[in-house]
Amino acid sequence: MTRRLPDDFLIGCATAAHQVEGGLDNDWSRMEREHPQRIRDGSVSGMACDHYARYRADLDQLAGMHHTAHRFSIEWSRVEPRQGIFDGSALDHYRDVVRTCRLLGVEPVVTLHHFTLPTWLADRGGVLDADAPRLFARFAAACTEALGDQVGWWITINEPAVLAVFGYMYGEWPPLQRSTRAFLSALGGMARMHAAAYTAVHTVAAAHGWTARVSFAHHDRPLRPLNPRSPLDRAATVAPNALFNRWFLRACRSGRLLPPVGRGQAVPGLGRSLDYLALNFYCEERVRFSRRHPRGMFAESVPAPDLPLSSFGWSIDPDALRRALERLWKEFRLPVLIAENGVADENDELRSRFIVDHLGAVCAAMASGVEVRGYLHWSSMDNFEWAEGYSKRFGLIAVDRATMQRTPKPSAALFAEICQTRVVPSAVPVVG
Ligand code: BGC
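Parameters at a glance
- Residues numbered from 1 in each chain as written.
- Predicted model: local features only at pLDDT ≥ 70, side-chain atom pairs only at ≥ 80, totals over all residues.
- Heavy atoms only, no water.
- UniProt positions renumbered as here; feature names shortened; annotations may be inferred.
- Helix = DSSP H or I, 4+ residues; strand = E, 2+ residues; numbered from the N terminus.
- Expected span 1.5 Å × (residues − 1).
- Contact = heavy atoms within 4.5 Å.
- Pairing = 2+ DSSP bridges.
- Axes fitted to C-alpha atoms, helices over the stretch in contact; angles between N-to-C directions.
- Phe/Tyr/Trp six-rings, centres within 6.5 Å; stacked < 30°, edge-to-face > 60°.
- Buried < 20%, exposed > 50% of the residue type's maximum accessible area, 1.4 Å probe, protein only.
- Lys NZ or Arg CZ within 6 Å of the ring centre and 35° of its normal.
- Polar contact = N/O pair within 3.5 Å; in protein donor to acceptor, adjacent residues only side chain to side chain.
- Near = heavy atom within 4 Å.
- Nonpolar A, V, L, I, M, F, W, Y, C, P; charged D, E, K, R; others polar.
- Salt bridge = Lys/Arg side-chain N within 4 Å of Asp/Glu carboxyl O.

- Where an unreviewed UniProt entry is consulted, the protein appears under the name Glycoside hydrolase family 1 protein, with the organism given as Candidatus Amunia macphersoniae.
- Reading the Sequence similarities (unreviewed entry) entry of the UniProt record for the protein gives the comment "Belongs to the glycosyl hydrolase 1 family."

1. Let's talk about unusual backbone geometry
(1) Moving on: Residues proline 174 and proline 175 are joined by a peptide bond in cis, for which omega reads 5°.
(2) Moving on: Relative to the elements of secondary structure, proline 175 occurs in the loop between helix H8 (160-169) and helix H9 (180-208).
(3) Moving on: Omega for the bond connecting tryptophan 378 with serine 379 falls within 30 degrees of zero, at 10°, which places this linkage in the cis form.
(4) Moving on: As for its placement among the helices and strands, serine 379 is situated in the loop between strand E13 (372-378) and strand E14 (397-399).
(5) Moving on: Backbone geometry at leucine 176 places phi at a positive 60°, although glycine is not the residue there.
(6) Moving on: A positive phi is found at arginine 333, a non-glycine position, where the angle reads about 50°.
(7) Moving on: Here arginine 333 is to be found in the loop between helix H11 (318-332) and strand E12 (336-340).

2. Here we look at helix H7 (residues 132-147)
(1) Moving on: Between its first and last C-alpha, H7 extends 22 Å over 16 residues, near the 22 Å set by a 1.5 Å rise per residue.
(2) Moving on: In this structure, the buried side of H7 is in contact with helix H4 (76-79), helix H5 (88-103), strand E3 (107-113), helix H6 (119-123), strand E4 (153-158) and H9.

3. Description of the sheet that holds strand E9 (residues 277-281)
(1) Moving on: Pairing in this closed barrel of eight strands is parallel, and the strands run E1-E2-E3-E4-E5-E9-E12-E13 around the ring. Taken over all neighbouring pairs, the strand axes of this sheet differ in orientation by 25° on average, direction set aside.
(2) Moving on: Along the sheet face, H5 touches strand E2 (69-73) and E3 and points at about 155° away from the line of E3.
(3) Moving on: Packed on one face of the sheet, H8 meets E3, E4 and strand E5 (213-220) and runs near 50° to E5.

4. Remarks on the packing of aromatic side chains
(1) Moving on: By the definition in use, this model includes 26 aromatic pairs.
(2) Moving on: Relative to phenylalanine 384, the ring of tryptophan 28 lies with its centre 6.4 Å away and its plane at 80°, an arrangement referred to as edge-to-face. Taken together, the residues span a long stretch of sequence, with tryptophan 28 in helix H2 (residues 27-34) and phenylalanine 384 in the loop between E13 and E14 at a distance of 356 residues. Assigned by exposure class, tryptophan 28 and phenylalanine 384 land together as buried.
(3) Moving on: Of the aromatic side chains, those joined through ring pairs into one cluster are Trp28, Phe115, Phe166, Tyr170, Trp173, Phe384, Trp386 and Tyr390.
(4) Moving on: Lying over the aromatic face of phenylalanine 312, lysine 392 brings its terminal NZ or CZ to 5.6 Å of the ring centre.

5. Re H9
(1) Moving on: Its 29 residues place the ends of H9 42 Å apart at the C-alpha level, agreeing with the 42 Å of an ideal helix rising 1.5 Å per residue.
(2) Moving on: Residue serine 179 occupies the N-cap position of H9, its side-chain oxygen lying 3.3 Å from the main-chain nitrogen of arginine 181.

6. Examining the site of the ligand
(1) Moving on: Close to the ligand lie 13 residues; Gln19, His114, Glu159, Glu340 and Glu385 are nearest.
(2) Moving on: At 2.8 Å from an oxygen atom of the ligand is found a side-chain nitrogen or oxygen belonging to glutamate 340.
(3) Moving on: In the environment of the ligand, an oxygen atom lies 2.6 Å from a nitrogen or oxygen atom belonging to the side chain of glutamate 385.
(4) Moving on: Class assignment of the residues belonging to the shell around the ligand gives a composition of six nonpolar, four polar and three charged.

7. As for the sheet that holds strand E6 (residues 223-225)
(1) Moving on: Pairing is mixed across the open sheet formed by three strands, whose spatial order is E6-E10-E11. Edge positions in the sheet fall to E6 and strand E11 (299-302), since each of these pairs with one other strand and no more. Looking at each pair of strands side by side, their axes are set apart by 50° on average, direction ignored.
(2) Moving on: Where strand E10 (residues 285-289) meets E11, four bridges bridge the pair, whose relative direction is antiparallel. Within the sheet, the bridge partner assigned to arginine 286 lies in E11 and is valine 302.
(3) Moving on: Here helix H10 (residues 231-254) sits on the sheet and contacts E6, E10 and E11; the angle it forms with E6, its principal contact strand, is near 175°.

8. Considerations on the pattern of salt bridges
(1) Moving on: Taken as a whole, this structure holds 34 salt bridges when the rule is applied.
(2) Moving on: Across the pair aspartate 220 and arginine 246 runs a salt bridge, and its minimum N-O distance is 3.0 Å. In this pair, aspartate 220 is assigned in strand E5 and arginine 246 in helix H10, connecting sequence segments 26 residues apart.
(3) Moving on: The exposure class of arginine 246 is buried, given its relative accessible area of 9%.
(4) Moving on: Linking lysine 409 and aspartate 382 is a salt bridge whose minimum nitrogen-to-oxygen distance equals 2.8 Å. With lysine 409 in the loop between strand E15 (406-408) and helix H13 (410-421) and aspartate 382 in the loop between E13 and E14, the pair connects residues that are 27 residues apart, well separated along the chain.
(5) Moving on: Residues participating in the shared-partner salt-bridge network are Arg224, Glu284, Asp317, Asp319, Arg322, Arg323 and Glu326.

9. Digging into the pairing of E5
(1) Moving on: Summarising burial for E5: seven of the eight residues are buried, a large majority.
(2) Moving on: In terms of strand pairing, E4 meets E5 through four bridges, oriented parallel. Residue pairing for E5: tryptophan 154 is matched across the bridge by valine 214.
(3) Moving on: Alignment of E5 against E9, held across four bridges, turns out to be parallel. Residue pairing for E9: histidine 219 is matched across the bridge by asparagine 280.

10. Side note on the environment of serine 391
(1) Moving on: Checked against the element boundaries, serine 391 lands in the loop between E13 and E14.
(2) Moving on: Its relative accessible area of 27% is what places serine 391 among the partly exposed residues.
(3) Moving on: Measuring from C-alpha to C-alpha, the distance between serine 391 and isoleucine 39 comes to 9.9 Å, with 352 residues separating the pair along the chain.
(4) Moving on: In terms of polar contacts, serine 391 uses its side chain to reach the backbone carbonyl oxygen of glutamate 388, at 2.6 Å.

Quick look at the structure:
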């Protein structure tokens, strides 16, 4: 098996506005203010990494590390701070981000919605608002008008199933709801929003003769039975796997709100609304049947006994990425862009090996026929990790939050070497 990545393979990092930009006023910053106990380390996103002001230097640094692609999200609350009032200067900002990427030879991958909403939309019901698809499409069209001549890769919504679980079922993220009904409605609402944005991006792009590839970002987190011989443990994986890992993908293929979200009704624009598959992959989960977890559909997550764990407690098993890629390819036959993959690791002890082994798994999947177009590591720099605050570190680059000074970690140098040579070593090279 070759461990050489193709010359046109996109390689770089992914970020999201709320986690790096700083100075935001959206439903998340409002929750941080009003419910400080929701953030485990007591922090607020605040100035985050001040990336809104420092994007040129940040992108320059990544290009200097031979990255050829960069994923970021457009913050809706900046572009449309009040309903129907668009801020041209915010769009100019993102236009310059894209232009800077292009000048540096970096392919931009643009997300339209990465977990945060403008407060005016949150107050109308957020993704549950019947008008959210139309409003999201209007925002998507404005973004495509402004950036579409220089952007070929679009992501409509980041991880709808994750947002539905944490925001609507577990009540840990905005809008802090805890109801199965709201969870199912959120999935349905976001499917409609994705369909509307998919159509909007393509309509604007086609009117100008621009090429656009559009996907949502699918978080794949396969559940495996803790004890494969236990029929109950095995049964406990079935419903959550179908709902969290496949429902949205299958809706985008069939064009229908399939049960249990809907009754199979068709949604205009939803059918075949994936031009590629943006895949966020972190780990598989082991689960056992537990009557005490009705909200988790009786599947209780337990740490994998036989695998190393990240500082988040997530298992590290590169072959799980190969398995996920092969399963997704078999079912959907879509070219894949890995839009996130990374590890929470306070002292950069795990990350180099994580990168080498996960890129090795990508090579193995490609050798078995899966079309993988690129790999975006999560993340370029340590940033605001949602309900974990700043306590979990996913970055290749450390950020001193008092001075905002950036310091690349050893794993950044290793990743840079891979980006430059396109060769994935079979083990982490020993330095010194
Ligand atoms: C999200 C990122 C997040 C990362 C690590 C993904 O689910 O898209 O925003 O930081 O996981 O938890």
